[in-house]
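Take a look at the letters that make up each chain.
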Amino acid sequence: MNEYSLYEGAMQVVPLLLIALFLDRRSSADQTGTSRSAKLWLRLQNRIIAVLGIVAFFVSMFVIAGVFEHTTLTASMVISALSGSIGLLFSLIWRRLDTHPPSNPTT
């Protein structure tokens, strides 16, 4: 296995995560009935996801370009940033599933 496959994968996954975040943000723009603190938390969560994605992308890019060396520190930064952003995206998905009941509920 190539030692740079983690970084190459991160450079492919991060743009997809940011596109998913952007599309989710556009589809949930109308949040009537949501409290102010919930809206602030969602906004903060979206920004954290974006920052973590950017960190993973740029560290990966610098390692592949040879600016940074492939070390356990750079690998752990990329893995931590990706797992954090995917975890936060999962919580957004979970919240959306909780707020939108099925269209044909069975009782």
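**Quick word on the UniProt feature "transmembrane region" (unreviewed entry) in the protein**
Then comes step 1: As annotated by UniProt and renumbered to match this structure, "transmembrane region" (unreviewed entry) occupies residues 6-23, 44-68 and 74-94.
Then comes step 2: Taken end to end, residues 6-23 has its terminal C-alpha atoms 26 Å apart, with 100% of it in helix and 0% in strand.
Then comes step 3: The distance separating the terminal C-alpha atoms of residues 44-68 is 30 Å; by composition the span is 88% helix and 0% strand.

**Side note on the side chain of Q45**
Then comes step 1: As for its placement among the helices and strands, Q45 is situated in helix α2 (residues 36-65).
Then comes step 2: Using a relative accessible area of 1% as the deciding quantity, one classes Q45 as buried.
Then comes step 3: A distance of 3.2 Å separates a polar atom in the side chain of Q45 from the backbone oxygen of L88.

**A word on the packing of aromatic side chains**
Then comes step 1: Summed over all chains, the structure comprises 5 aromatic pairs.
Then comes step 2: Where Y4 meets Y7, the ring centres are 6.4 Å apart and the plane angle is 50°; that geometry is what we call tilted.
Then comes step 3: On the numbers, 5.2 Å between centres and 70° between planes, the contact of F62 with F68 is edge-to-face.
Then comes step 4: Residue classification places F62 among the partly exposed residues on the basis of a relative accessible area of 30%.
Then comes step 5: On the basis of relative accessibility, which here comes to 36%, the residue F68 falls in the partly exposed class.
Then comes step 6: In this structure an aromatic cluster arises from ring pairing among F57, F58, F62 and F68.

**Observations concerning the environment of F58**
Then comes step 1: Tracing the chain through its elements places F58 in helix α2.
Then comes step 2: Sequence-wise, F58 and Y7 are 51 residues apart; in three dimensions their C-alpha atoms are separated by 9.6 Å.

**Considerations on the packing of α2 against helix α3 (residues 72-99)**
Then comes step 1: Between α2 and α3, the shortest axis-to-axis distance is 9 Å and the interhelical angle comes to 150°. The orientation of α2 with respect to α3, classified from their angle, is roughly antiparallel. For the element pair α2 and α3, the recorded crossing hand is left-handed. When α2 is examined against α3, the residues W41, L42, Q45, N46, I48, I49, L52, V55, A56, V59, S60 and V63 are found in contact with a partner set consisting of T74, M77, V78, A81, L82, G84, S85, L88, L89, S91, L92 and R95.
Then comes step 2: Along the lines of polarity and charge, the residues of the contact of α2 with α3 split into 16 nonpolar, 7 polar and 1 charged.

Reading guide: rules and limits
- Residues numbered from 1 in each chain as written.
- Predicted model: local features only at pLDDT ≥ 70, side-chain atom pairs only at ≥ 80, totals over all residues.
- Heavy atoms only, no water.
- UniProt positions renumbered as here; feature names shortened; annotations may be inferred.
- Helix = DSSP H or I, 4+ residues; strand = E, 2+ residues; numbered from the N terminus.
- Buried < 20%, exposed > 50% of the residue type's maximum accessible area, 1.4 Å probe, protein only.
- Polar contact = N/O pair within 3.5 Å; in protein donor to acceptor, adjacent residues only side chain to side chain.
- Phe/Tyr/Trp six-rings, centres within 6.5 Å; stacked < 30°, edge-to-face > 60°.
- Axes fitted to C-alpha atoms, helices over the stretch in contact; angles between N-to-C directions.
- Parallel < 35°, antiparallel > 145°, perpendicular 65-115°, else oblique.
- Left-handed = near helix turned anticlockwise from the far one by under 90°.
- Contact = heavy atoms within 4.5 Å.
- Nonpolar A, V, L, I, M, F, W, Y, C, P; charged D, E, K, R; others polar.

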